[in-house]
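# Structure assessment
Letter by letter, the chains look like this.
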Amino acid sequence: MVAVVGLGQTAVTTGFVSDEGRAAMAGRTALVLGGGGLTGVGWETGILCGLAAAGTDLSTADLVVGTSAGSVVGAQLASGLLTPRELYERQLGDATGEAAAKLGAGTFARYAVAMLRSRDGASYRRRVGAFALAADTVPEADRREVLKARLVSGEWPERRLVVTAVDALTGELKAFDRESGAGLLDAVAASCAVPGVWPPATVDGRRFIDGGIRSATNADLAADYERVVIIAPVALGTKLIPSPAVQAAQLRKAGAQVLLITPSAEARKTFGRNVLDPARRDPAARAGLAQAAAHAAEAARVWSA
């Protein structure tokens, strides 16, 4: 999940890579998967499946960056244990294994107040962190069990995977990877800790909250990669939280070729009013699969440039 809970229009942006840029970036590819609740997990998986079926398998990325929902999808995909099609099929059908949660009006109000009272992104994240630490939620151990069931492996993959979270006390970004010393489940639990809904995750004595509080995608972590595909269930940003489009533009300015995919109008309808409702995951996944066709040609061009 992310702090900006709005869904914008589909956007595709690409950039030209100069000869100098190509030399500096060494032809590396990055896949960035953003936050967006359970509907985000389903929709992203549908997009990945559809693109793979059209001939562009993004699981070959040299780097996968996952934020919140994207950390779950990224961990599943990077494991290499299931194909994009198999991951998609896991999103379909009965979703009674997980209880629905909801971002209520009170939680939204706390986010808004924190935004208004903060002078910059770091102070906003600290305010939200304080709110998260004080919130009455389910036990942390119970939440970990839910996330454990979503992963196909508890081990960090060989492919480079970066999972984002925010330190609840300092507001600083934490980019977990296999060298960070944290377990994969710890990292995913931290990245998915929606403030006010789920408990902050404890990793090495520190408490962490959802990486989407910093950015819906944290796509800036893909800097210096030549070809980047960003799949972002949430397209909006604020003056304190850069939107996926802003971060995509920054990557293009640095010389990367970038494809940004956000939900179509049809996909947004399937998300409903509660992106944390497990029952909405199936229709969101189907919508992602259907939408993928519109991006297949551009994805192939960017990924194989």
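Quick summary incoming for the structure in this document. (Residues numbered from 1 in each chain as written. Predicted model: local features only at pLDDT ≥ 70, side-chain atom pairs only at ≥ 80, totals over all residues. Heavy atoms only, no water.)

### A look at the overall build of the protein chain
A count of helices and strands for the protein chain gives twelve helices and eight strands. Scaling as 2.2 N^0.38, a compact globule of 305 residues should have a C-alpha radius of gyration of about 19 Å, and the protein chain matches this with 18 Å. Dimensions of the protein chain along its principal axes, counting C-alpha atoms only, are 50 × 45 × 35 Å. Looking at the protein chain as a whole, 57% of its 305 residues are labelled buried. Considering only intrachain contacts with a sequence separation of at least 6, the fraction spanning at least 24 residues in the protein chain is 81%. For the protein chain, the computed accessible surface area is about 12,100 Å², with 51% contributed by carbon and sulfur atoms. (Helix = DSSP H or I, 4+ residues; strand = E, 2+ residues; numbered from the N terminus. Rg over C-alpha atoms; globule rule 2.2 N^0.38 Å. Buried < 20%, exposed > 50% of the residue type's maximum accessible area, 1.4 Å probe, protein only. Contact = heavy atoms within 4.5 Å. Areas by Shrake-Rupley, 256 points an atom, 1.4 Å probe, with all protein chains shown as cover.)

### Digging into the pattern of salt bridges
Here the structure, examined in full by the defined rule, presents eleven salt bridges. Where Glu 158 meets Arg 178, a salt bridge forms, and the shortest distance between an N and an O atom there is 3.9 Å. Placement of Glu 158 in the loop between helix H7 (140-150) and strand S3 (160-167) and of Arg 178 in the loop between strand S4 (173-176) and helix H8 (184-191) is noted, with a sequence separation of 20 residues between them. Glu 158 sits in the exposed class, given a relative accessible area of 72%. Taking the relative accessible area as the measure of exposure, Arg 178 reaches 40% and is therefore partly exposed. Where Asp 220 meets Arg 214, a salt bridge forms, and the shortest distance between an N and an O atom there is 2.8 Å. (Salt bridge = Lys/Arg side-chain N within 4 Å of Asp/Glu carboxyl O.)

### A word on the nonpolar core
One finds Leu 31, Tyr 124, Phe 176 and Ile 231 to be the most contacted residues of the largest nonpolar core, which totals 67 residues. Ranked by the residues each element gives to this core, the list is headed by H8, at six residues. Contacts of Leu 31, omitting those with residues within four sequence positions, involve Leu 48, Leu 58, Ala 61, Leu 63, Val 64, Val 65, Leu 77, Val 229, Ile 231 and Trp 303. Counting 16 residues, the second-largest nonpolar core is a separate cluster that includes Val 32, Val 162, Ala 248 and Ala 256. (Core = buried A, V, L, I, M, F, W, Y, C linked by side-chain atoms within 4.5 Å.)

### As for the packing of helix H3 (residues 69-79) against H8
In contact at an axis separation of 8 Å, H3 and H8 are set at 155° when each is read in the N-to-C sense. As summarised for this structure, H3 and H8 are arranged roughly antiparallel, according to the angle between their axes. Handedness of the crossing formed by H3 with H8: left-handed. Along the contact surface, H3 presents Ser 71, Val 72 and Ala 75, while H8 presents Leu 184, Val 188 and Ser 191. Among the residues making up the contact of H3 with H8, the classes are represented as four nonpolar, two polar and no charged. (Axes fitted to C-alpha atoms, helices over the stretch in contact; angles between N-to-C directions. Parallel < 35°, antiparallel > 145°, perpendicular 65-115°, else oblique. Left-handed = near helix turned anticlockwise from the far one by under 90°. Nonpolar A, V, L, I, M, F, W, Y, C, P; charged D, E, K, R; others polar.)

### Points about the packing of aromatic side chains
A full pass over the atoms with the stated rule returns two aromatic pairs. Note on Tyr 111 and Phe 131: the rings are 6.3 Å apart at their centroids and 85° apart in plane angle, and the pair reads as edge-to-face. On the criterion of sequence distance, the pair formed by Tyr 111 in helix H5 (residues 105-117) and Phe 131 in helix H6 (residues 121-134) is long-range, its members being 20 residues apart. Judged by relative accessible area, which is 12%, Phe 131 ranks as buried. With 5.3 Å between their ring centres and 75° between their planes, Phe 176 and Phe 208 make a pair best called edge-to-face. In this pair, Phe 176 is assigned in strand S4 and Phe 208 in strand S6 (residues 206-210), connecting sequence segments 32 residues apart. When its relative accessible area of 2% is taken as the criterion, Phe 176 is described as buried. A relative accessible area of 5% means that Phe 208 is categorised as buried. The residue whose ring lies beneath Arg 143 is Trp 198, and the NZ or CZ to ring-centre distance is 4.0 Å. (Phe/Tyr/Trp six-rings, centres within 6.5 Å; stacked < 30°, edge-to-face > 60°. Lys NZ or Arg CZ within 6 Å of the ring centre and 35° of its normal.)

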